[in-house]
Each structure stands twice: as C-alpha cells, then as structure tokens.
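Residues per chain are reported as follows:
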Amino acid sequence: MRQSAAAVHCALASADGSSLKPSIVDTPVIRVAALHESDAEAVARFFRNVWHGGGEGEDRKTLSVAPVENCPFPEGQPAPVAGVFAGEQIVGYLGSIPTRFWDGSRLVNAHWLKGFMVLEEYRNGPIGYLLLKQMMSQVSLSASMVVAPAARRLLEAVGFKDIGVVPNYVSILRPANVLHTIDPERLGLGALSASLKAALRLTKLGPIRRLAAGSAAVVLRLVDALNRMASLGLSAAVQSSPPQASQVDSLWQAMMKRLKAAPYRSGDYIQWRYANANLGRYEFICVRRRQSLAALVVVRRPERLDDPRLAGLRIGLVVDLMVDPADAAAIARGLLAARNWARGCDCDAVLLTLSHGGLGRLAARAGYIRMPGNVHFLVRAPAGTIDHSIDLKQSWVTRGDAWGDDL
C-alpha cells in the first residue's frame, strides 16, 4: 500500500520540524498513538524483538513500566504509554510512571518518563521525537533521568530543562582490587583531572599499588571509628522489608521542610517501589535514634558481574536514602552502615548517587569520594505547575528515582 502525502511527511519529519523529500518507494505507514490494553499483543511482540531478536521468550514488559497494584498515585493511573507504529508493528515505545513532586510548598502530580526504546533499524530518525511529542500531549509536569546525549537533546527539543548532573559518591572497601582494576575512561570518568589519571596509572605498578592500598585501608579504619563516635546514640540494622509506613511518613515530613524540590516519598511509596513486586531485590538499613527512624538506606547487591566497564568489580548500590539533610549524625551512621553492609556482601566498593548539595562534606567525612556523575536530571514544568525554578543542590534526587537504579 502506498503512503499518503501526510503519512510520508509524518514518517520523515525531523526533530527540528523540517522534513525530508518524500521517498517514492513503498514503506509502511508511520503513525504515533497512545497505547492501550488493546495494543498489549503488539507491545509484547515489540519487546520480543528488543530482547529476543523476534524469537520466543518470556515477555518482560506489559503496557506499564511499573506495577499498578497498590500504586500510591492513583490520580496518575493509568500511566500514559506512547508508541510509534510502522504498519501494524510497534517500532518505538515510551512509558511513564506516576509520581508527585514536592516544590517546597506543595505536592504536584507528575510523571517520570521511562522505557524509551526504538528498534535498531528505526533509530537516527524521527521516531524518538514523535514518541515524546505524543507523551507530552498526555502528561503535564514530567521528569526524566538520562545518560545518553542524544536522549537529552530530544528531551530538550520538547521543552525539558536539564537541571544538572546528579553527583556520585564512591566508598572503596577493597583498595587493592579497585586500584588494580579501575580504568577511568571505561567507567566514563573522563572528567578526572590529568594529575589524578596519572596517579591512577602509577598504582598499576605492584609496589605502589600495595603501598597505596595499605595506606587507604588504614585511613578507612580511622574514618569508620570517627563515624561511630559521631553517631553515638544511633543504631543501624539491615532488614529484608521496609519499616512501618508511619515511621517512613514521619521521616519524610522532616525531610520536606529542608527541601526546595524532591520526588514524593512516603511509607506507601517505599513499599510500592522497593517491596511488593520487587521484594527480595532490595534491603533496608534502618537507622534509629531510640525508637524513632532517623534514616532509611535502601541498598541493592551487585546483580551484573559481566559489565565490561567494571571488569569484575562488585559494586553495591545505595539506591535511595531518606534522612533529614541537617541530621549529620544520622547521615554518618547511615553511610557507615551502608559501607558495612557492602563489606558483608563481598563488595569492592559502594556507590551513592544523590543530588543535595549539603551531602558532599558529610559524605566525605563518612569515607565517600565525590566522583563525576553521568546521570542528568531533566524536568518539563509547564507554566503554573511549580512555583519556582529547580536548584539541583536544594533537591533530593537519588539513583532509585524514575525506577532507574541500574549502573
């Protein structure tokens, strides 16, 4: 079937609104649409193409990118999903996750964008832009956390603002292993200074590496001792399920007063996000002052040991952290407990990704080194949705937000 002129224009429109000369060859009609349950089989075929090359295999996606059961944001359901069809085949997919954003004075309904995928043979064309334009017609306040420059450019083309890069903090547990293995370029740490890169190269030499690793181990033991002293009166325990929702709610209320922007957190949210369908994947470090919950650290054991960037290093993840940013003792105890948890999981290092500017000095005291980040936080806030521009340093955004806690 030959395309209409309108269909050819849609298929060939570029992200800047221009169009290419229509082809005279027959191609499938390209159309973009909001996806519904009636499209479930087409979505299943799309993900079989993505993960199994079109062959049979377990379907890992439905129309949602997050479970809807017990969702604490019912006003955002059903979460919008956009698709681009070539004929009857879905060739591009973009999902969303309902949430709320705290803007320093009120909670606003919002959506995370998640699950942005285009079949390989349809990349480097207009599909991504068409998906985003369709999604923007269905959501208001929205946010995304992305790494790839091409994805950031597309988001900015439809009105997103790049708020900045969320910092990484790394605590090394096995200095000898890390110094022997680390490759800054492979890990995406090209922004390191030339002098630091030169120093890392020197540690590849056996005698220097052993000396540096021994010195680092002594320093880390001292850091642990100082943090135990700084957090006297606080206890920490690791458990397999979240603490009581009412305790998480009280902690969130204390956090909110200190923040200008943050994705919503509550006991119901923590249960939905990190337990329920995900129970067993995450662990929960509860820091208590007497009986009160002073900090909650959500952690995840290494799941992929074949990542070529890590060259076999085992990295434990601090996926989420809830704590009053002014409670230095609770932060010290929580980050120390995360180090001890990771050591018990046979990890070489533990990684925390968190935006708030007040954390850096306290993380350094707890033995965490700030490293260049690569996860960008982008927000699209139509007029009237939030009361001020977002400052990343006064926001609380973690690796677990947007359901994006893979390395």
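Computed from a prediction, not measured in an experiment: that's the story for all the values here.

### Describing the packing of aromatic side chains
Stage number 1. Summed over the entire model, instances satisfying the criterion amount to 14 aromatic pairs.
Stage number 2. An angle of 25° between the planes, with centres 5.0 Å apart, marks the rings of phenylalanine 47 and tryptophan 51 as stacked. Of this pair, phenylalanine 47 and tryptophan 51 both sit in helix α2 (residues 40–52), separated by four residues, roughly a single helical turn.
Stage number 3. Relative accessible area serves as the criterion here: at 2%, phenylalanine 47 is assigned to the buried category.
Stage number 4. Given the relative accessible area of 30%, tryptophan 51 is considered partly exposed.
Stage number 5. Taken together, a centroid distance of 4.9 Å and an interplanar angle of 80° make the contact between phenylalanine 47 and tyrosine 93 edge-to-face. Of this pair, phenylalanine 47 sits in helix α2 while tyrosine 93 sits in strand β3 (residues 89–102); the two residues are 46 residues apart in sequence, bridging distant segments of the chain. The burial state of phenylalanine 47 is the same as that of tyrosine 93; both residues are buried.
Stage number 6. An aromatic cluster of at least three residues, connected via ring pairs, comprises Phe73, Trp252, Tyr264, Tyr269, Trp272, Tyr274, Tyr282 and Trp403.
Stage number 7. The ring of phenylalanine 85 has arginine 31 sitting right over it, with the charged end atom 4.0 Å from the ring centre.
Stage number 8. One Lys or Arg, arginine 273, reaches over the ring of tryptophan 403 and ends 4.6 Å from the middle of that ring.

### Observations concerning helix α3 (residues 127–136)
Stage number 1. Counting buried positions over the 10 residues of α3 gives nine, a clear majority of the element.
Stage number 2. The complete set of buried residues in α3 reads Ile127, Gly128, Tyr129, Leu130, Leu131, Leu132, Gln134, Met135 and Met136.

### Side note on the pattern of salt bridges
Stage number 1. Under the criterion given, the structure shown has 18 salt bridges.
Stage number 2. Between arginine 152 and aspartate 162 there is a salt bridge whose closest N-O contact spans 4.0 Å. Taken together, the residues span a long stretch of sequence, with arginine 152 in helix α4 (residues 149–157) and aspartate 162 in strand β6 (residues 161–172) at a distance of 10 residues.
Stage number 3. Arginine 152 sits in the buried class, given a relative accessible area of 17%.
Stage number 4. Taking the shortest distance from any N to any O, the salt bridge between aspartate 348 and arginine 174 comes out at 3.6 Å. Note that aspartate 348 is positioned in the loop between α10 (328–344) and β12 (349–353) and arginine 174 in the loop between β6 and α5 (175–181), a separation of 174 residues in sequence.
Stage number 5. Overall, aspartate 348 belongs to the buried group, its relative accessible area being 3%.
Stage number 6. Arginine 174 gets classed as partly exposed once you look at its relative accessible area, which sits at 32%.

### Focus on the packing of helix α8 (residues 245–256) against helix α9 (residues 267–274)
Stage number 1. Taken N-terminus to C-terminus, the directions of α8 and α9 make an angle of 115°; their axes are 7 Å apart at the nearest point. Between α8 and α9, the interaxial angle falls into the category roughly perpendicular. Within the contact between the two elements, α8 uses Ala245, Val248 and Asp249 and α9 uses Gly267, Asp268 and Ile270.

### Here's the deal with a nonpolar patch on the surface
Stage number 1. A cluster of nonpolar side chains, Leu222, Leu226, Met229 and Leu232, forms an exposed patch at the surface whose accessible area comes to about 480 Å².
Stage number 2. With respect to the helices and strands, leucine 222 occurs in helix α7 (residues 206–230).

### Comments concerning the side chain of histidine 111
Stage number 1. Relative to the helices and strands, histidine 111 is located in strand β4 (residues 107–118).
Stage number 2. Those residues in contact with histidine 111 that lie beyond four places of it in its chain are Gly76, Ala79, Pro80, Ser96, Ile97, Pro98, Thr99, Val139, Leu141, Ser142 and Ala143.

### Side note on α10
Stage number 1. Compared with an ideal rise of 1.5 Å per residue, which puts 17 residues at 24 Å, α10 spans 24 Å between its outermost C-alpha atoms and is within 8% of the ideal.
Stage number 2. Two residues or fewer after α10 comes aspartate 346, characterised by a positive phi angle close to 65°.

### Re the packing of α3 against α4
Stage number 1. For the pair α3 and α4, the least separation of the axes is 10 Å and the interaxial angle reads 45°. Judged by the inter-axis angle, α3 sits oblique to α4. Once α3 is placed against α4, the crossing between them reads as right-handed. Together, Gly128, Tyr129 and Leu132 of α3 and Leu154, Leu155 and Ala157 of α4 make up the contact between the two elements.

### Section: the side chain of aspartate 103
Stage number 1. Within the fold, aspartate 103 resides in the loop between β3 and β4.
Stage number 2. At a separation of 3.0 Å, a polar atom in the side chain of aspartate 103 contacts the main-chain amide nitrogen of serine 105.
Stage number 3. Only 2.9 Å separates the side chain of aspartate 103 from the backbone nitrogen of arginine 106, close enough to count as a polar contact.
Stage number 4. Contacts of aspartate 103, omitting those with residues within four sequence positions, involve Lys260, Ile386, Asp387 and His388.

### A short note on unusual backbone geometry
Stage number 1. For the bond from glutamine 77 to proline 78, the omega torsion is -5°, close enough to zero to count as cis.
Stage number 2. Looking at where proline 78 falls in the secondary structure, it is placed in the loop between α2 and β2 (82–86).
Stage number 3. Its identity as a non-glycine residue notwithstanding, alanine 402 has a phi of 65°, on the positive side.
Stage number 4. Among the structural elements, alanine 402 can be located in the segment after β13 (369–380).
Stage number 5. Note on alanine 402: relative accessible area 5%, which makes it buried.
Stage number 6. For tryptophan 403, which is not glycine, the phi torsion reads 55° and is therefore positive.
Stage number 7. Position of tryptophan 403 among the secondary structure elements: in the segment after β13.

Parameters and conventions
- For every chain, the first residue of the written sequence is number 1, and numbering continues from 1 along that sequence.
- Only residues with pLDDT of at least 70 are given local features in this predicted model, and only at 80 or more are side-chain atom pairs given and counted; all residues enter the totals for whole chains, interfaces and linings.
- The side-chain figures draw on all heavy atoms in the structure; neither hydrogens nor water molecules are used.
- Pairing of aromatic side chains requires ring centres within 6.5 Å, counting the rings of Phe and Tyr and the six-membered ring of Trp. Pairs whose planes differ by under 30 degrees are stacked, by over 60 edge-to-face, and all others tilted.
- The secondary structure listing takes helices from DSSP runs of H or I that are at least 4 residues long and strands from runs of E that are at least 2 residues long, numbered from the N terminus.
- Here the term buried applies to any residue with accessible area under 20% of the maximum for its type, exposed to any over 50%, and partly exposed to those in between, with areas from a 1.4 Å probe on protein chains only.
- Only lysine NZ and arginine CZ atoms are considered, and such an atom sits over a ring when it is within 6 Å of the ring centre and within 35 degrees of the ring normal.
- In what follows, salt bridge is the name for a side-chain nitrogen of Lys or Arg lying within 4 Å of a carboxyl oxygen of Asp or Glu.
- Angles here are taken between N-to-C directions and fall from 0 to 180 degrees, while the axes themselves are lines fitted to C-alpha atoms, restricted in helices to the stretch in contact.
- The cut-offs work like this: below 35 degrees is roughly parallel, past 145 is roughly antiparallel, 65 to 115 is roughly perpendicular, and the gaps in between are oblique.
- For this analysis, residues touch if any pair of their heavy atoms sits within 4.5 Å.
- Only residues above 30% relative accessible area that lack a salt bridge enter a patch, with like-charged residues linked at up to 9 Å and the nonpolar side chains Val, Leu, Ile, Met, Phe, Trp and Tyr linked at up to 5 Å.
- Working definition of accessibility: Shrake-Rupley area with a 1.4 Å probe, residue cover restricted to the visible protein chains.
- The span expected for a helix works out to 1.5 Å for each residue beyond the first.
- Each crossing gets its hand from how the near helix is turned against the far one by less than a right angle, where anticlockwise is left-handed and clockwise is right-handed.
- Under the rule applied, a polar contact is a pair of N or O atoms within 3.5 Å (in protein, one hydrogen donor and one hydrogen acceptor; residues adjacent in sequence only if both atoms are side-chain atoms).

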